[in-house]
Amino acid sequence: MSLVKEVEQAPTGHADAAQQYVNEVFETVQKRNPGETEFHQAVKEVLISLIPVLARNPQYVKHAILDRLVEPDRLVSFRVPWVDDQGTVQVNRGYRVQFSNAIGPYKGGLRFHPSVNASIIKFLGFEQIFKNSLTGQPIGGGKGGSDFDPKGKTDLEIMRFCQSNMTELSKHIGPDTDVPAGDIGVGAREIGYMFGHYKRLVGAYEAGVLTGKGIGYGGSLGRKEATGYGAVYFVEQMLQNADLSFNGSRVVVSGSGNVSIYAMEKAMQLGAKVVACSDSSGYIYHEAGINLDTIKRLKEVENRRCEEYVLEHPDAIYVAGCSGIWTIPCDIALPCATQNEIDKASAELLVHNGVKAVGEGANMPSTLEAVDVFLENNVLFAPAKAANAGGVSVSALEMAQNSARLSWTMEEVDTKLQQIMSNIYNECMSASEEYGLAGNLVIGANIAGFVKVADAMIAQGV
């Protein structure tokens, strides 16, 4: 059954009024944000899910909670000029959206990628509100980035860009205001350059202003692994509830960045055989099982492409283009690359080939039509705002360590991460059951994340 049909058939009481309110809010979003399809998609998915909770709790309509949530507190767009190694001035555009600080300072990553625009930043920031709420940590929702592409740039060029970007970004962030982290294109190197420049600009060592820092200057052990590990911890809970397991399962993981690598690592530790992964140029299929050591060296040390994997493993196959990865039969699919990488056709292929579970390691990697395919075919589905929450959870733990001037061991951080992901799963399940949609984790995640933020907004006034 599709997401929309499940919501329509749920016992909601004043459902017609709630549906009308949701329609009005979504129409306003479309009018105020023309052409921003990614943002529209994220808002629509959340609003549909909230009809049952709005019908049962009219105070959320009375206080115009949705009207306020879909409009960010502020969206900042700015010019980022920098000089390349040839002495030529280049200009990129930077963004920071601050959606909600009802339960804590704005928190969300910075993405450096040519595809970045206002729509994508707002889509990511809106999702971050509910994802951060689910973690149980005191963090609000925000996001940022730039259309700068770090690929093919030298370290000096990346440093100059990061410093120029931070010159403007520093005016809008702070340990108790807004705490950015990394995302696509932003790793420890970029965070280090931005943190160093921030220190010069403000004349103070404020470790809590950025997360994802190096271990030697306020970073947290386990941060690199957190999103991938967290996604697998969440999916394992979902599998156990259905008497399934990673052990002995065939797994396909898209991407080959931090999220993908450590999702593969944890899945393998739990007994899975990972047979495929990808990067932006194509994917590799290795029926004998992906050699994680090779992938780690190629991507983390040598910064090379996936296609070079087959030079060392001639029994593996490399295929140009990314979407074909979902043609490979698997028991568990973990999309960990980017948004909307699984469309309706890819979802139908996965179902046809017998997929039992899908866990979103990236931010909203399945289109709404793809999600409906999974739900209609009783595929276990772990939505991004729940399954992808491991990274921001450990970012919040890094903030806590910075505030207390402490450094926790990897074991301490991993134990806390496992507990957080378990709590998120239980909250999503409880919310879905409470509103007559037992097992629908999409709706459960949206409702569980929403209620905490909405109640805080009401308590704090308009």
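Provided above is the structure to which this section pertains.
Okay, so let's go over this structure.

What counts and what doesn't
- Note that residues are indexed from 1 along each chain, following the sequence as it is written.
- Selection of residues for local features in this predicted model requires a pLDDT of at least 70, selection of side-chain atom pairs for listing and counting requires 80 or more, and totals for whole chains, interfaces and linings are taken over all residues.
- The side-chain values count all of the structure's non-hydrogen atoms but skip hydrogen atoms and water molecules.
- Here the rule is simple: two strands pair whenever DSSP picks up at least two bridges between them.
- For helices the rule is a DSSP run of H or I covering at least 4 residues; for strands it is a run of E covering at least 2, with both sets numbered from the N terminus onward.
- All axes are obtained by fitting lines to C-alpha atoms, using only the stretch in contact for helices, and the reported angles, taken between N-to-C directions, cover 0 to 180 degrees.
- Here a residue-residue contact requires only that any non-hydrogen atoms of the pair lie within 4.5 Å.
- Exposed residues in this analysis have more than 50% of their type's maximum accessible area, buried residues have under 20%, and partly exposed residues fall in between, with area computed by a 1.4 Å probe over protein chains only.
- Using protein atoms alone on a 1 Å grid, points that fit a 1.4 Å probe yet trap it form a cavity, whereas open point sets bounded by protein on both sides within 12 Å along at least five of seven lines form a pocket; residues with an atom within 4 Å of a point count as lining.
- Grid points are joined across faces, edges and corners, and a volume is the space filled by probe spheres set on the points.
- Like-charged residues are merged into a patch within 9 Å and nonpolar side chains (Val, Leu, Ile, Met, Phe, Trp, Tyr) within 5 Å, provided each residue has over 30% relative accessible area and no salt bridge.
- Working definition of accessibility: Shrake-Rupley area with a 1.4 Å probe, residue cover restricted to the visible protein chains.
- Here a salt bridge means any side-chain nitrogen of Lys or Arg lying within 4 Å of a carboxyl oxygen belonging to Asp or Glu.
- Roughly parallel means an angle under 35 degrees; roughly antiparallel means over 145; roughly perpendicular covers 65 to 115; every other angle is labelled oblique.
- Note on convention: the crossing is left-handed when the near helix lies turned anticlockwise from the far helix by less than a right angle, right-handed when the turn is clockwise.
- Under the grouping applied here, Gly and all other residues not named as nonpolar or charged are polar, the nonpolar ones being Ala, Val, Leu, Ile, Met, Phe, Trp, Tyr, Cys and Pro and the charged ones Asp, Glu, Lys and Arg.

### A look at the sheet that holds strand E3 (residues 106-112)
Strand pairing in a sheet relies on backbone hydrogen bonds. The paired strands run either parallel or antiparallel. Across the sheet, which stays open at both edges, the 5 strands sit in the order E1-E2-E4-E3-E5 with mixed pairing between neighbours. Edge positions in the sheet fall to strand E1 (74-83) and strand E5 (178-182), since each of these pairs with one other strand and no more. Here the strands of the sheet are splayed against their neighbours by 20 degrees on average, with no regard to which way each runs. Note that strand E2 (residues 89-100) and strand E4 (residues 140-146) share 6 bridges and pair antiparallel. Across the sheet, Gln-98 pairs through a bridge with Gly-142, a residue of E4. Of the strands in this sheet, E1, E2, E3 and E4 are in contact with helix H7 (residues 118-134), which crosses E4 at around 150 degrees.

### Concerning the environment of Ala-445
Turning to its location among the elements, Ala-445 is positioned in helix H19 (residues 441-460). Judged by its relative accessible area of 0%, Ala-445 is buried. Setting aside anything within four residues of it in sequence, one finds Ala-445 in contact with Leu-134, Pro-383, Lys-385, Ala-386 and Cys-428.

### Quick look at the sheet that holds strand E6 (residues 250-254)
The 7 strands are arranged E9-E8-E7-E6-E10-E11-E12 in an open sheet whose pairing can be described as mixed. Either end of the sheet is taken by a strand with one partner, and the two such strands are strand E9 (317-320) and strand E12 (380-382). Sheet twist, expressed as the mean angle between neighbouring strand axes with direction ignored, is 15 degrees. Pairing of E6 with strand E7 (residues 273-279), which is carried by 3 bridges, proceeds in the parallel orientation. If you follow Arg-250 over to E7, its bridge partner there is Lys-273. Set on the sheet, helix H10 (residues 223-241) makes contact with strand E10 (332-335), strand E11 (357-359) and E12; between it and E12 the angle comes to about 150 degrees.

### A short note on empty space enclosed by the protein
Scanning all chains against the criterion turns up 1 cavity of 30 Å³ or more. What the largest cavity holds in volume is close to 70 Å³. Around the largest cavity, the lining residues are Glu-45, Glu-127, Glu-360, Met-364, Ser-366, Val-371, Phe-381, Pro-383, Ala-384, Lys-385 and Val-442.

### Here's the deal with a nonpolar patch on the surface
Together, Val-83, Val-89 and Val-91 make up a nonpolar patch on the protein surface, roughly 250 Å² of accessible area in all. Structurally, Val-83 can be placed in strand E1.

### Thoughts on the pattern of salt bridges
Here the structure, examined in full by the defined rule, presents 23 salt bridges. Where Asp-155 meets Arg-189, a salt bridge forms, and the shortest distance between an N and an O atom there is 2.8 Å. One end of the pair, Asp-155, is in helix H8 (residues 155-169); the other, Arg-189, is in helix H9 (residues 188-202), with 34 residues separating them in the sequence. A residue is classified by how much of its surface remains accessible, and Asp-155, at 43% relative accessible area, is partly exposed. Of the charged contacts, one joins Glu-398 and Lys-213 as a salt bridge, the two residues approaching to 2.6 Å between their closest N and O atoms. On the criterion of sequence distance, the pair formed by Glu-398 in helix H17 (residues 390-404) and Lys-213 in the loop between H9 and H10 is long-range, its members being 185 residues apart. Under the relative-accessibility criterion, Lys-213 is labelled buried at 5%. Taken together, the salt bridges that share partners define one network made up of Arg-297, Glu-302, Arg-304, Glu-308 and Glu-312.

### Thoughts on the packing of H17 against helix H18 (residues 410-434)
Two numbers describe how H17 lies on H18: the axes approach to 10 Å, and their chain directions differ by 130 degrees. Between H17 and H18, the angle falls in the class oblique. With respect to the hand of their crossing, H17 and H18 are arranged in right-handed fashion. Contacts between H17 and H18 involve Gly-390, Ser-393, Val-394, Leu-397 and Gln-401 on the former and, on the latter, Val-413, Lys-416, Leu-417, Ile-420 and Met-421. For the contact of H17 with H18, the per-class residue count stands at 6 nonpolar, 3 polar and 1 charged.

### Some thoughts on the layout of surface pockets
Of the volumes computed, that of the second largest pocket is approximately 430 Å³. Lining the second largest pocket we find 22 residues, and of these Gly-208, Met-399, Gln-401, Asn-402 and Ser-403 sit closest to its centre. By residue class, the composition of the lining of the second largest pocket is 11 nonpolar, 8 polar and 3 charged.

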